Amino acid sequence: MSAEPTTDPAEASTTVTLDLTHPADHVWELIGGFGSLPDWLPYITDSRLDRGGRLRTLTNADGGVIVERLETYDASARSYGYSIAQAPFPVRGYRSTLQVVDRGDGGSRVEWSGTFTPHGATADEAIALFEGIYRDGLAALADTLARPRA
């Protein structure tokens, strides 16, 4: 007898947020560029933009490659949305949004969310995967912001 993860045809989603004492504009300056992941996310060692900045090819610390497509960009809302064109993740139809919200008290909230259809994994497994990515990424952002600016 063998067991394999079931493919759940239902769409799943997850969101991770981080409250910061830094002003929203300061945080957006760091993370708002579609090619800026290596500036604040140590796991991503390289980001190359193609197709007029609408496609990014990311290389991670293990040499893996992820290709993402910019779907929406709104600098005034401090938000961009992207989809995955190529990645080793057990999902289809992945769409994500990264946004920085002004809390009104001089601080900000970063919201990283994703919607996807699990493929080759259960919904719980896919959700746990992306929650971990978002949580680790936002922790790295907090660490980057805590360091003195060069």
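Cut-offs used in this document
- Residues numbered from 1 in each chain as written.
- Predicted model: local features only at pLDDT ≥ 70, side-chain atom pairs only at ≥ 80, totals over all residues.
- Heavy atoms only, no water.
- pLDDT = per-residue confidence, 0-100.
- Contact = heavy atoms within 4.5 Å.
- Pairing = 2+ DSSP bridges.
- Helix = DSSP H or I, 4+ residues; strand = E, 2+ residues; numbered from the N terminus.
- Axes fitted to C-alpha atoms, helices over the stretch in contact; angles between N-to-C directions.
- Core = buried A, V, L, I, M, F, W, Y, C linked by side-chain atoms within 4.5 Å.
- Buried < 20%, exposed > 50% of the residue type's maximum accessible area, 1.4 Å probe, protein only.
- Arc of directions from axis to C-beta.

## Looking at the confidence of the model for the chain
Logical step 1: Residues at a pLDDT of 70 or more form 93% of the chain, whose mean pLDDT is 91.
Logical step 2: Throughout residues 1-8 the model reports pLDDT below 50, and contacts reaching past four residues in sequence, or to other chains, amount to 14 contacts.

## As for the pairing of strand S5 (residues 79-86)
Logical step 1: Bridge analysis of strand S4 (residues 65-74) against S5 gives 7 bridges, and the strand direction is antiparallel. Directly across from Thr-72, in S5, lies its bridge partner Gly-81.
Logical step 2: Linking S4 to S5, which pair antiparallel, is a turn of 4 residues; within it Arg-78 sits at a positive phi near 50°.
Logical step 3: As judged from the 5 bridges shared by S5 and strand S6 (residues 91-102), these two strands associate in the antiparallel manner. Within the sheet, the bridge partner assigned to Tyr-82 lies in S6 and is Ser-96.
Logical step 4: Hairpin remark: S5 followed by S6, antiparallel, with 4 residues in the connecting loop.

## Regarding the sheet that holds S4
Logical step 1: Ordered in space as S1-S7-S6-S5-S4-S3-S2, the 7 strands form an open sheet in which the pairing is antiparallel. Here the strands that pair on one side only, and so sit at the sheet edges, are strand S1 (12-20) and strand S2 (44-50). Averaged over all pairs of adjacent strands, the angle between their axes in this sheet comes to 20°, without regard to strand direction.
Logical step 2: Bridge count between S2 and strand S3 (residues 55-60): 6 bridges; the pairing is antiparallel. From the neighbouring strand, Asp-46 faces S3, where its bridge partner is Thr-59.
Logical step 3: Strand contacts of helix H1 (residues 24-31): S1, S4, S5, S6 and strand S7 (108-118), with the helix running at about 145° to S6, the strand carrying the most contacts.

## Regarding the nonpolar core
Nonpolar side chains tend toward joint burial in soluble globular proteins.
Logical step 1: In this structure, Val-27, Ile-31, Trp-40, Val-110, Phe-116 and Leu-141 are the most contacted members of the largest nonpolar core, which totals 35 residues.
Logical step 2: Every element with two or more residues in this core is listed here: S1, H1, helix H2 (37-40), S4, S5, S6, S7 and helix H3 (123-146).
Logical step 3: In terms of residue count, H3 provides more of this core than any other element does, 9 residues in total.
Logical step 4: The residues touching Phe-116, leaving out its near neighbours within four places in the chain, are Ala-10, Glu-11, Ala-12, Ser-13, Thr-14, Val-91, Arg-92, Gly-93, Tyr-94, Ala-126, Ile-127 and Phe-130.

## Some thoughts on H1
Logical step 1: Buried within H1 we find Ala-24, Val-27, Trp-28, Leu-30 and Ile-31. Down the axis of H1, the buried side of the element spans an arc of 160°, and every buried residue falls inside it. Among the exposed residues of H1, those pointing more than 90 degrees away from its buried face are Asp-25 and Glu-29.

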